[in-house]
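Okay, here's what each chain looks like letter by letter:
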Amino acid sequence: MKQFWAMGGYAQYVWPCFALAGAIFAWNIWSARRYHAAARRRAARALAMADSEAQ
Amino acid sequence: MWTWFYKLASPPSVYNTAAALLPWFTAFAALTLSYGLVGGLVFAPPDYQQGDAFRIIYVHVPSAWMSEFSYSLMAVAGAIGLIWRIKIGHAVAAATAPIGASFTVLALVTGSMWGRPMWGTYWAWDPRLTSELILLFLYFGVMSLRSAYEDGSRGDRAAALLSIVGVVNIPIIHFSVVWWNSLHQAATVAKFGKPDMALSMLWPLLSMFLGFMLFFGAMLCLRLQGEILNRERQSAWVRDAVRT
């Protein structure tokens, strides 16, 4: 196990790459979900306003 | 034939397709990425020259490839929006840009981390590295140009134009290692004939490729839905989409 984490002496180069890949994937998920949720909220607000104006 | 195409490219149809595809892309991305990671980090043997440092390939090459693929998709989608005035083209282009830019950052940083032990430097003004950096600036340029306009449709057109002009950089990135003397190695997998790689190393890499593609697909579906909602707020069909 220790040998695996040591990556043949290249641990300081290999692991940050995979950590950054994880961070980039996580950022993508977080930011896409946030963007979608915000767009839904805006659309719902616009619809509610249109409804109240129609009444 | 065109009526069918326009119907397929209509915002509600694309919105529903994206919503339906999202769980499938996510599930298969998780599967292929897991296989690629375990295969690449655990089961693939160390390289005979680079030792375990070669394992960076499993994130570097797929992200670099995706950075070029996303840019090409963004330019084609922008061109479709610009030439045929199909609105969904601009929405796809806008949704693709941040995902592509994030993959470009990943490709640049992992390349730099790989360069240090192999070339002795984090960075060199090498044709491949420089053209990839220009790609990142192009992404930033396209994104800021789109948001610089108050009028969304003018921003779309300007961003589409810039992304089409920037496409010239894609073959430059790809062939830079052939055209000029480069520190960067030439293609190992994407070339005619047999790839220069053992199968135990190649399968996890192909799985990571597929995983990156599927993940990109999932993120595009999610962002595209948001993009369409932002653009179609006034349309009647949005009422059903938001309420469900």
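Please refer to the structure placed before this passage.
*Asks:* I'd like to hear about the overall build of chain A, residue by residue, with values.
*Replies:* Scanning chain A for helices and strands turns up two helices and zero strands. Over its C-alpha atoms chain A spans a radius of gyration of 23 Å, topping by over 25% the 10 Å that the globule rule assigns to 55 residues. Projecting the C-alpha coordinates of chain A onto the three principal axes gives extents of approximately 70 × 15 × 5 Å. Expressed as a percentage of the 55 residues in chain A, the buried residues total 31%.

*Asks:* Before we move on, could you go through the layout of surface pockets and cite the residues and values that matter?
*Replies:* All names here are of chain B. Put simply, the second largest pocket is a space of about 650 Å³. Along the walls of the second largest pocket sit 22 residues, with Ala94, Arg146, Asp156, Glu227 and Arg231 positioned nearest its centre. Residue assignment for the lining of the second largest pocket shows that the elements contributing at least two residues are α3 (57-83), α4 (87-119), α5 (127-148), α6 (152-166) and α8 (199-231). Considering each element in turn, the lining of the second largest pocket owes the most residues, six residues, to α4. Looking at side-chain class alone, the lining of the second largest pocket contains seven nonpolar, six polar and nine charged residues.

*Asks:* Got a sec to walk through empty space enclosed by the protein? Specific residues and values, please.
*Replies:* Residues and elements named next belong to chain B. Per the stated rule, a full pass over the model turns up one cavity of 30 Å³ or more. Volume-wise, the largest cavity comes out at about 40 Å³. Lining the largest cavity we find Pro11, Lys87, Ile88, Ala91, Ile228, Arg231 and Glu232. If you list the elements that add at least two residues to the lining of the largest cavity, you get α4 and α8. Among the elements that line the lining of the largest cavity, the one with the most residues is α4, at three residues.

*Asks:* Break down the nonpolar core for me, citing the residues and quoting the values.
*Replies:* One broad trend across soluble globular proteins is that nonpolar side chains are buried collectively. Membership of the largest hydrophobic core comes to 73 residues, with the highest contact counts inside it found for Tyr58, Tyr71, Phe103 and Phe212 of chain B. Elements with a contribution of two residues or more to this core: α2 (11-54) of chain A together with α2 (11-43), α3, α4, α5, α7 (169-179), α8 and α9 (237-243) of chain B. Take this core: its biggest share by element is 17 residues, from α8 of chain B.

*Asks:* Run through unusual backbone geometry, naming residues and quoting values.
*Replies:* Negative phi is the rule for most residues except glycine; trans is the rule for most peptide bonds. All names here are of chain A. Its identity is not glycine, yet Met7 carries a phi of approximately 50°, on the positive side. Tracing the sequence through the fold places Met7 in the loop between α1 (2-6) and α2. Judged by its relative accessible area of 2%, Met7 falls in the buried class.

*Asks:* Can you tell me about the packing of aromatic side chains, naming the residues and giving the values?
*Replies:* A complete count under the given rule lists 18 aromatic pairs over all chains for this structure. Judged by centre distance (6.2 Å) and plane angle (75°), the ring pair of Phe25 of chain A and Phe103 of chain B falls under edge-to-face. Pair noted here: Phe25 of chain A is in helix α2 and Phe103 of chain B is in helix α4, and the two residues belong to different chains. Taken individually, Phe25 of chain A and Phe103 of chain B each receive the classification buried, so the pair is uniform in this respect. Note on Phe25 of chain A and Phe212 of chain B: the rings are 5.1 Å apart at their centroids and 80° apart in plane angle, and the pair reads as edge-to-face. With Phe25 of chain A in helix α2 and Phe212 of chain B in helix α8, the pair connects residues from two separate chains. One aromatic cluster is present, built from ring pairs that chain together Phe4, Trp5, Trp15 and Phe18 of chain A.

What counts, and at which threshold
Residues numbered from 1 in each chain as written. Chains lettered and ligands numbered in written order. Predicted model: local features only at pLDDT ≥ 70, side-chain atom pairs only at ≥ 80, totals over all residues. Heavy atoms only, no water. Helix = DSSP H or I, 4+ residues; strand = E, 2+ residues; numbered from the N terminus. Rg over C-alpha atoms; globule rule 2.2 N^0.38 Å. Buried < 20%, exposed > 50% of the residue type's maximum accessible area, 1.4 Å probe, protein only. 1 Å grid on protein atoms, 1.4 Å probe; cavity = no way out; pocket = protein on both sides within 12 Å on 5 of 7 lines; lining within 4 Å. Points joined across faces, edges and corners; volume = space filled by probe spheres on them. Nonpolar A, V, L, I, M, F, W, Y, C, P; charged D, E, K, R; others polar. Core = buried A, V, L, I, M, F, W, Y, C linked by side-chain atoms within 4.5 Å. Phe/Tyr/Trp six-rings, centres within 6.5 Å; stacked < 30°, edge-to-face > 60°.

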